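Take a look at the letters that make up each chain.
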Amino acid sequence: MREITPQQAKYQSECTARVKKLNLSRESAPRACVVTYGCQQNESDSEKLRGMLCEMGYLISDDPKTSDVVIFNTCAVRENAELKVFGNVGALKHAKRKNPDMIIGVCGCMMQQPHISETIKSKYNHVDIVFGPHALYRLPEILERALKKNRVFEVENSDGEIAEGIPVLREPPPLAKVPIMYGCNNFCTYCIVPYVRGRERSRKAADILAEVRSSAEQGYKEVMLLGQNVNSFGNPVNSDENISFPQLLRMVCKTDGIERVRFMTSHPKDLSDELIYAIAEEDKICKQLHLPIQSGSDKVLRDMNRGYTAERYMERLDRVRELIPDITVTSDIIVGFPTETNEDFEDTLDIIRRARYDMVFSFIYSKRVGTPAAKMNPFLTDEEIHRNFDRLLEVQNEISKRKNDEYVGRVEEILVEGESKTNPEYMCGRTSGGKTVNFKGGVELVSKLVPVKIIKAQTWSLTGELCD
Ligand code: SF4
């Protein structure tokens, strides 16, 4: 792992200045649009792309068709998302015919897979720029080359560099996403992330704390610390500092103005008592834990290279609930992993019933070229996998609804995020446990912590009334 050198940073700021000068000389400010697919890490990367584009003099738009620069920030985790990207990139061909100066870029994890970037190169001639996550900080230089009518491909494999000081244009308050580390060392056999995002590398605690402080100064009330496996933060393998993730959490909690601290994602094999104590003891740490189990079968967990058994996982979860009884727990589950049998799937249903998750993000296994699981022959038919998937939803939905029913009558402290997406008279916010709550109120409440009495429970959200 390397940090970018002062010379590299200087070169990018010179490119920024040149592109900005070019844009200032135009009659009206050009527009740029960043379209994001995938996880919170990608959303955070897109905030950086928008920050850099802003510094180069672009107005940020959400309409790709009328923008002068369009960047698709892609995700490689599932095939469906990839197909969507190809469809949306293809759909811009007409817009580019109307405006030949339009620059179209595709970046993110998908581009780090050689067969994908080759397809873009040979079949999507209207795409001007392709770059992987490692080259994100070089957007000013890449864009400058594209403005000089060059086609730019920057997808070299690397374990990545950590670039600090990139401008960030965040979503409005209250939530600021703050990456604390990049990449992954775990090599779960179904997952493409370690191949496209490289080895684990942690940011320096001082840089993270500075970003949290600056977010608080800009009015953000909540931070979400991001990493593929936050429990590895500060591990000597990926860091030259001796600060563990629970220690970092406690440091972040000391930031004036920050009321809530969340994090994503915690790998079950590395969930320490030290972390559970930090969540239990620090008022600002949200009482929410996303702890992906992926399967309830020990055989499948072994084939997935997850590093724990179902019993070990349950022992950790019991420990969490012993120390933090009210905590909200969510999980990820893959249905139809190649070696999964119907018996293995029954083990998964058993564990779901035992774990009583508040919510599960379930996915049908998606074959990723280049991973060990892609070479395994599927045991179940598509029909069986879909039937199992529907059964899982049925079992989990009932548990989610029952867990939400337990909230009716309680008063919860809600951090208000904005208007409800479905009813403009309602505002939307979250409990400390991350449950979505809709209640009648006005926009003046945005970014405030308010008490709300829960009056109704749905499977995915709660409805409440603002207390006096
Ligand atoms: S922990 Fe496993 S699933 Fe998560 S990013 Fe790393 S390899 Fe992928």
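Residues numbered from 1 in each chain as written. Predicted model: local features only at pLDDT ≥ 70, side-chain atom pairs only at ≥ 80, totals over all residues. Heavy atoms only, no water.

As a further point, take the overall build of the protein. Helix and strand counts for the protein stand at 14 helices and 21 strands. Rg of the C-alpha trace for the protein: 23 Å, near the compact-globule value of 23 Å for 468 residues, within the 12% margin. Along the first, second and third principal axes, the C-alpha atoms of the protein reach 60 × 60 × 45 Å. Put simply, 75% of the contacts in the protein that link residues at least 6 apart link residues at least 24 apart. Accessible surface, the protein: about 21,000 Å² in total, of which carbon and sulfur atoms supply 50%. Separation of charge centres in the protein, based on 65 positive and 69 negative side chains, amounts to 4 Å. (Helix = DSSP H or I, 4+ residues; strand = E, 2+ residues; numbered from the N terminus. Rg over C-alpha atoms; globule rule 2.2 N^0.38 Å. Contact = heavy atoms within 4.5 Å. Areas by Shrake-Rupley, 256 points an atom, 1.4 Å probe, with all protein chains shown as cover. Lys, Arg positive; Asp, Glu negative; His and termini not counted. Charge placed at Lys NZ, Arg CZ, Asp CG, Glu CD.)

Moving on, we get to empty space enclosed by the protein. For the coordinates displayed, the defined rule picks out one cavity of 30 Å³ or more. Counted as a void, the largest cavity has a volume near 200 Å³. As for the largest cavity, its lining consists of 13 residues, and the residues nearest its centre are Asp45, Pro133, Leu136, Glu161 and Tyr182. Elements represented by at least two residues in the lining of the largest cavity include exactly helix H2 (40-55) and strand S8 (161-162). Residue classes in the lining of the largest cavity are distributed as seven nonpolar, one polar and five charged. Counting residues domain by domain, the lining of the largest cavity receives three or more from each of domain 1 (2-161) and domain 2 (177-262). (1 Å grid on protein atoms, 1.4 Å probe; cavity = no way out; pocket = protein on both sides within 12 Å on 5 of 7 lines; lining within 4 Å. Points joined across faces, edges and corners; volume = space filled by probe spheres on them. Nonpolar A, V, L, I, M, F, W, Y, C, P; charged D, E, K, R; others polar. Domains from an automatic or database assignment.)

On to the sheet that holds strand S17 (residues 411-419), then. Taken together, the five strands give a closed barrel; going around it, the order is S17-S18-S19-S21-S20, and neighbouring strands pair in mixed fashion. Neighbour-to-neighbour, the strand axes of this sheet turn through a mean angle of 55°, independent of strand direction. Pairing between S17 and strand S18 (residues 426-430): four bridges, direction antiparallel. In the strand pairing of S18, Glu419 is matched with Met427. (Pairing = 2+ DSSP bridges. Axes fitted to C-alpha atoms, helices over the stretch in contact; angles between N-to-C directions.)

Moving on: the pairing of S18. Here S17 hands over to S18 after six residues, the two strands then running antiparallel side by side. Pairing of S18 with strand S19 (residues 436-440), which is carried by five bridges, proceeds in the antiparallel orientation. Bridge pairing links Cys428 to Asn438 in S19. The hairpin turn running from S18 into S19, its antiparallel successor, is five residues long, and Gly434 in that turn takes a positive phi close to 90°.

Each assigned domain of the protein is listed with its residue range as follows: domain 1 (2-161), domain 2 (177-262), domain 3 (287-406) and domain 4 (411-466). Distance from the C-alpha centre of domain 1 to the C-alpha centre of domain 2: 25 Å. Taken together, the contact between domain 1 and domain 2 spans 21 residues of the former and 15 residues of the latter. Regarding the contact of domain 1 and domain 2, the summed buried area is about 1,500 Å², with carbon and sulfur atoms giving 49% of it. Where domain 1 packs against domain 2, one counts three salt bridges. Put simply, Lys177 and Glu47 hold a salt bridge, and the shortest N to O gap is 3.5 Å. In terms of residue count, the dominant contributor to the side of domain 1 that touches domain 2 is H2 (eight residues). Per-class residue counts for the side of domain 1 that touches domain 2 are four nonpolar, 10 polar and seven charged. (Buried area = accessible area lost by both parts, 1.4 Å probe. Salt bridge = Lys/Arg side-chain N within 4 Å of Asp/Glu carboxyl O.)

The sheet built from three strands is open, its strands ordered S9-S12-S13 with parallel pairing. Here the strands that pair on one side only, and so sit at the sheet edges, are strand S9 (175-179) and strand S13 (260-264). The sheet shows a mean angle of 25° between the axes of neighbouring strands, taken without regard to direction. In terms of strand pairing, strand S12 (residues 222-226) meets S13 through five bridges, oriented parallel. Note that in S13 the partner of Val223 across the bridge is Val261.

The next point concerns the environment of Asn235. Mapped onto the secondary structure, Asn235 falls in the loop between S12 and helix H9 (245-253). Along the chain, Asn235 and His134 lie 101 residues apart, while their C-alpha atoms are 21 Å from each other.

Within the structure, the ligand sits among Cys184, Asn186, Phe187, Cys188, Tyr190, Cys191, Val193, Pro194, Gln228, His267 and Arg306. Of the residues in the shell around the ligand, the class split is seven nonpolar, three polar and one charged. (Near = heavy atom within 4 Å.)

A separate point is the side chain of His267. Assignment of secondary structure puts His267 in the loop between S13 and helix H10 (273-281). Non-local contacts of His267, meaning those with residues more than four positions away in its chain, are made with Asn186, Cys188, Asn229, Asn231, Leu291, Arg306 and Tyr308.

As a volume, the second largest pocket reaches approximately 320 Å³. Ile364, Tyr365, Ser366, Lys367 and Asp382 are, among the 19 residues lining the second largest pocket, the residues nearest its centre. Looking at the lining of the second largest pocket, the element that brings in the most residues is helix H14 (residues 382-405), giving three residues. Partitioning the lining of the second largest pocket into residue classes produces 10 nonpolar, five polar and four charged.

Further remarks concern helix H3 (residues 79-90). Taking 1.5 Å of rise per residue, 12 residues should cover 16 Å, and H3 covers 17 Å from first to last C-alpha, within 8% of that figure. Taken together, the buried positions of H3 are Ala81, Glu82, Val85, Phe86 and Val89. Looking straight down H3, one finds that the buried residues subtend no more than 140° of arc, so they occupy a single side. Among the exposed residues of H3, those pointing more than 90 degrees away from its buried face are Asn80, Leu83 and Lys84. Elements in contact with the buried residues of H3: strand S4 (69-74), helix H4 (93-98), strand S5 (103-108) and helix H5 (114-123). (Expected span 1.5 Å × (residues − 1). Buried < 20%, exposed > 50% of the residue type's maximum accessible area, 1.4 Å probe, protein only. Arc of directions from axis to C-beta.)

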